[in-house]
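One-letter residues, chain by chain:
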There are 2 protein chains.
Amino acid sequence: MCFLMQAAPSDHVICARWVVPVMPEGSVLDYHSVVVREGRIDAILPTRELGEAHQNLPKVELPNHLVTAGLINTHGHAAMTLLRGYADDLPLMDWLNNHIWPVEDRFVDEAFVFDGTSLAVAEMIASGTTCAADTYFFPDAVSQAMTENGFRGQVCIPVVQFPNAWAESEEQHLEKGLAFHDSVRDSSLITTALAPHAPYTVSDNGFSQVVKYSAELQIPIHLHLHETKGEVEAAVDDDGQRPFERMQRLGLLSSRLQTVHMTELTEGEIHTLADKGAHVAHCPESNMKLASGICPVHSLLEHGVNVALGTDGAASNNDLDLLGEARTAAFLTKVATGDATSVSAARALSMATINGARLLGLDDEIGSLEKGKSADIIAVDFTDIAFQPMHNPLSQLIYAANGTQVSYTWIAGRCVYQDGRNTSLDVSALKTRVESWQKKIQSKL
Amino acid sequence: MCFLMQAAPSDHVICARWVVPVMPEGSVLDYHSVVVREGRIDAILPTRELGEAHQNLPKVELPNHLVTAGLINTHGHAAMTLLRGYADDLPLMDWLNNHIWPVEDRFVDEAFVFDGTSLAVAEMIASGTTCAADTYFFPDAVSQAMTENGFRGQVCIPVVQFPNAWAESEEQHLEKGLAFHDSVRDSSLITTALAPHAPYTVSDNGFSQVVKYSAELQIPIHLHLHETKGEVEAAVDDDGQRPFERMQRLGLLSSRLQTVHMTELTEGEIHTLADKGAHVAHCPESNMKLASGICPVHSLLEHGVNVALGTDGAASNNDLDLLGEARTAAFLTKVATGDATSVSAARALSMATINGARLLGLDDEIGSLEKGKSADIIAVDFTDIAFQPMHNPLSQLIYAANGTQVSYTWIAGRCVYQDGRNTSLDVSALKTRVESWQKKIQSKL
C-alpha cells in the first residue's frame, strides 16, 4: 500500500509544518524537513532548501504536523498490560500482594509475556514511543516481542529473591539473565540492564552480584527505589537504615544506576545522586494513582540530576501514553512546588526524549533529531480543531495533545505506524490472543 | 448522509456493549440499549429484550462502545479557547495581568466571543461534553454560539468592577445581564447564573446586588473563590478577613452558590459549605498548570459537599477534555491524600456528570441515564488496542480513555457528533475564522 510499509528502512524526506529537534531545548523550526538515509538522520533543513540531492527521495508531506524525536519510556512492565484495569483504586501493597502478584503467580509464562509485551509495544508505537526500558520475567520473550515489531528497548534482567515461573533464586535469575544478555549482544535494537526489583525483595548478596556484573558487562542497573514513604519507614524500622543508604553502601550508586520512582528523598540523597551521576525515572501517573508520593523533580533538576519519564505498567496507569505522562509531569511538579514556571513544556519534552536517552546511556544514538542519530521520529497531527489556534506548537504538543494524535512513528528509519495503523504487527491477531488471556484470567479468579 | 444528522431529535435505540447509567454509582450494564423518544430517555433495557414496540425505531449499533451520560463541564471561559497556548508556564497573577488581560482588552468583542465559544463548543461536543457553565463577556454571543450548535449551557452574567468592552461598571454588567437573562428565559438549552468574577474584582455593593437578583430570579451565583493561597493572604492583609468570610457576611452562601477552585479551605469553611449546600467546581488541571493549589476534594466529599468538575478556560489547561479532567481529579486526590482508594473511577465519573448536574440545579433533567431525563448521551469507542483487555469498562473509561475516543454525542436526543465529525456545525468555516483571529492576535503584539 505504501513505500513506508516495507520491512527495511527506506531513504525518505519528512516535510513537516514544524520540526522540534529537542536539542537545543525549546527550538521550533517552521517548514523544515528531515532527510533520512540508511535509517539515520542525514540532514534537517528548511523545506525550501531541499535540492537536487533530495529530488529522488520519496517525500512524506505533513502539512499540519509537528515532527520530533521518538519518545522514550524509561520504566515499564509491558507484559502487565494484560492486567490493565484488573485491580484499580487500591494502595500499592494491597494491589501488589492481594491482586497483582497472585494473578501473576497463576498465569505468567513465556506466552503471557510475549503477548502482553506485543500489546504494550503496539500501544506505545501508536502513541509515539519508540524505545522503552522494560522489566519483567522471561526477558527473552520481551526481547522477541520488541524485535519482531521493530521496537527499540532496554530489556532488563529481573533479579528477585522469591521463586517465580522464570527462576527460583537470585542466582538463577542472574544465570538465566546473563545467558539472555549474551543472546542479544549483536542486536541493533535491544540493550540490556540488570534489574534487582527493589531493596525489599533482593538480598545484600543479590545486590553485590548485580554490582559485579554491571561493572563487568558495563550495563546499567535498573531499580525501584523509594517508591513510597512506607517502604522507607519499614526499612528504617527493620535495619535502621534508609534503602538509599543501603544501596550506597552496597556500591550501586554510579552513572550506570537508573533509579525508579524516588518519591522520598532527603537533600543529602539528592546531592549524592547528582555527585554520582545516577538517573531518575519519574513515573508521575503511577505515583498518583497508587498514592505513592511525589518525586521532587524540580529539586532534582536544579541539582543537575537527569530526570526522565516512565509510564510504569499499564496496570497502574492505565495507559502507556508518554505524551500524557509528560503533561502530568509538568502539571504535578508545578502544583507540588507552587511554581508555575517549573518544568516548562520544552523541559517536559526533554524529559520524555533526550533525558530518557541519557538514562539509558543511548544519547549518542537517540533522544533528539540530530544529524547522524538513528531516525527514531514521530509526527503529531495538529489538524483537529482541538489544536486551534496554533500560538505555540510546543505548548500544544505537551499541554493539549496526547498519544492519539500521533500519526507516524519511525524507528531506525522504518515506518512502524502510519495514519492510525500499526504497520509492523498484525493487530487483529494480537487482539484475539489478548481476548483469550482476558477470558482465562477472569474465569480462573 | 444519516438519519441522525437531522436538526430535530429523532426517536432511536442505542444498542451498546456497555451502558453506564451513572446512577447507581458504579453500575455497568452489559449488552443494554437506551431507547430515545422525543429527545428523552424512554427506557434502558437488555438489548435482547427489545420488543415489538421498538421494531420500527432506527438502531445505532455500538458493539465495542460504552454508552453513558453526557459530561458536564461546570467551569470554563469558552471564548478564551482563542488564547490556547498563548502564554504558558506562568504563575496565575503574572499570566492574568501581563498576558491574558492585555490581549483581552485589545481583542474581545462580540465576534471574538462568538467564534471562541463556537471553537470551544466544537471541541467539547467532540470530547463528550454536552453541557457547560460558561463565564465571559458578551453572554448573548456565548448563548448564541451554544444554541446554534445544539449545545446545552449555563451562560453566566459576568459582574466585575473594571470597565471592559461589554460593560463599564458593576451596575451596567447587571443591567445588561438581566436583559440577557430575559432574552433566554424560554430557551430549552440555556440557563443563566450571576457570575461576580472574584472577591478581589467585585465590590461589596456588587455582591449585594448579585445576592438580591439571585434570590429574586432564583438563579445560581457562580464565583471564583480561594483559587490560590496568595489570594486569601492578600485579602487578610487588606481587610483582615478571608474572602470566604466576606462572602458569608454578604449572604452568598446557599445551595445556589457555585464556588470555583477552592484550593484553600479550613475545616470550618468545609463545614459551612456542607451546611449551606453550596457546591464546588473543581478544576484540577488549571490548578496544577497555574500552580494554584490543590482542592481538598476528599474532605469535601466526606463532609457531603457536592464536588463537580471543570476544565477552566483552554488558556490554562490547555484542552477542554472532561474525561481527562476526571482522570486527573482522581489521580490528584489520591496522591494529595496518600489514599489510593479515594475518588474511585466510578466517583470520578459521578463528578463529571451527576454532580455537575446538581451544581447547575439540573439534576432532574441531565447528569445520568434515567427514564424521563433528557437524552444527553455519549458513546466511547473501545475498539482500539489501547483499551484491551477489558477487565473493567469503568476503569477503562476514566483511567485509559480520553475525549478522543468519544464517537457519538447526543444532546436532547439530537446527534451532534458522529464518527469523528461534528454534525451541528461547519468545522471548516470555523477553522478559517479561528486562523484569522490567530493572525490578528499575533500581528498586534
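As the structure is a computational prediction, the values presented were derived from the model and not from experiment. (Residues numbered from 1 in each chain as written. Chains lettered and ligands numbered in written order. Predicted model: local features only at pLDDT ≥ 70, side-chain atom pairs only at ≥ 80, totals over all residues. Heavy atoms only, no water.)

Looking now at the sheet that holds strand β13 (residues 377-381) of chain B. All names here are of chain B. Across the sheet, 8 strands lie side by side as β3-β2-β1-β4-β13-β14-β15-β16; this open sheet has mixed pairing. At either end of the open sheet lies a strand with only one pairing partner, and these are β3 (40-46) and β16 (421-422). As defined by bridge partners, strand β1 (residues 12-20) adjoins strand β4 (residues 59-69) across 7 bridges and the pair is classed as parallel. Bridge pairing in β4 places V13 opposite K59. (Pairing = 2+ DSSP bridges. Helix = DSSP H or I, 4+ residues; strand = E, 2+ residues; numbered from the N terminus.)

In this assembly, 60 residues from chain A lie in contact with 60 residues from chain B. When chain A packs against chain B, the two sides together hide about 4,700 Å² of surface, and 61% of this comes from carbon and sulfur. If you sort the residues of chain A by the area they bury against chain B, D89(A), I385(A) and H391(A) come out on top, with a joint share of 16%. Taking the shortest distance from any N to any O, the salt bridge between R327(B) and E285(A) comes out at 3.0 Å. Across the contact surface, chain A and chain B share 28 residue pairs in polar contact (both at pLDDT 80 or more). Residue assignment for the side of chain A that touches chain B shows that the elements contributing at least two residues are α2 (110-126), α9 (284-289), α11 (322-337), α14 (393-400) and α15 (427-443) of chain A. (Contact = heavy atoms within 4.5 Å. Buried area = accessible area lost by both parts, 1.4 Å probe. Salt bridge = Lys/Arg side-chain N within 4 Å of Asp/Glu carboxyl O. Polar contact = N/O pair within 3.5 Å; in protein donor to acceptor, adjacent residues only side chain to side chain.)

Residue and element names in this part refer to chain A. The final tally for this structure, using the stated rule, is 14 aromatic pairs over all chains. Relative to F162, the ring of W101 lies with its centre 5.8 Å away and its plane at 55°, an arrangement referred to as tilted. Here W101 is found in helix α1 (residues 92-107), whereas its partner F162 is found in the loop between β7 (152-159) and α4 (170-183), with 61 residues between them in sequence. Take W101: its relative accessible area is 22%, and that puts it in the partly exposed class. (Phe/Tyr/Trp six-rings, centres within 6.5 Å; stacked < 30°, edge-to-face > 60°. Buried < 20%, exposed > 50% of the residue type's maximum accessible area, 1.4 Å probe, protein only.)

Moving on to a negative patch on the surface. All names here are of chain A. Residues E233, D237, D238, D239 and E245 make up a contiguous surface patch of negative charge. Top element by residues in the negative patch is helix α6 (residues 229-239). It accounts for 4 residues. With respect to the secondary-structure elements, D237 resides in helix α6. Overall, D237 belongs to the exposed group, its relative accessible area being 69%. (Patch = residues over 30% accessible without salt bridge, like charges linked within 9 Å, V, L, I, M, F, W, Y side chains within 5 Å. Areas by Shrake-Rupley, 256 points an atom, 1.4 Å probe, with all protein chains shown as cover. Lys, Arg positive; Asp, Glu negative; His and termini not counted. Charge placed at Lys NZ, Arg CZ, Asp CG, Glu CD.)

Take the state of the cysteines next. All names here are of chain A. All chains considered together, the criterion is met by 0 disulfides over all chains. With no disulfide of its own, C156 lies closest to C131 among cysteine sulfurs, the gap being 11 Å. According to the relative accessible area criterion, C156 is buried, its value standing at 1%. (Disulfide = S-S within 2.5 Å.)

In this section: the domain arrangement of chain A. Residue and element names in this part refer to chain A. Split by domain assignment, chain A resolves into domain 1 (3-69 + 373-422) and domain 2 (71-360). Taking only C-alpha atoms into account, the centre of domain 1 sits 29 Å from that of domain 2. Taken together, the contacts link 28 residues of domain 1 with 31 residues of domain 2. Across the interface of domain 1 and domain 2, roughly 2,300 Å² is buried in total on both sides, 64% from carbon and sulfur atoms. Per-residue buried area on domain 1 facing domain 2 is highest for E25, I398 and Y399; these three make up 30% of the total on that side. At the junction of domain 1 and domain 2, the tally comes to 2 salt bridges. Scanning the region where domain 1 abuts domain 2 turns up 11 residue pairs in polar contact (both at pLDDT 80 or more). Looking at the side of domain 1 that touches domain 2, the elements with two or more residues in it are β4 (59-69), α14, β14 (406-411) and β15 (414-418). Element by element, the count of residues in the side of domain 1 that touches domain 2 is highest for α14, at 5 residues. Tallied by class, the residues present in the side of domain 1 that touches domain 2 amount to 16 nonpolar, 8 polar and 4 charged. (Domains from an automatic or database assignment. Nonpolar A, V, L, I, M, F, W, Y, C, P; charged D, E, K, R; others polar.)

All right, on to the environment of T74(A) then. Residue and element names in this part refer to chain A. Within the secondary structure, T74 is located in the loop between β5 (71-73) and α1. For the pair formed by T74 and N355, sequence separation is 281 residues and the distance between their alpha carbons is 9.4 Å. Here L309 takes part through its backbone oxygen, which lies 2.7 Å from a polar atom of the side chain of T74.

All right, on to unusual backbone geometry then. As a rule of thumb, non-glycine residues mostly have phi less than zero, and peptide bonds are mostly trans rather than cis. Residue and element names in this part refer to chain B. For the bond from M23 to P24, the omega torsion is -5°, close enough to zero to count as cis. Note on placement: P24 falls in the loop between β1 and β2 (29-37). For F138, which is not a glycine, the phi torsion comes out positive at approximately 55°. Position of F138 among the secondary structure elements: in the loop between β6 (129-135) and α3 (139-148). In the Ramachandran plot, H261 falls in the positive-phi region, its phi being about 90° despite a non-glycine side chain. Tracing the sequence through the fold places H261 in strand β10 (residues 257-261).

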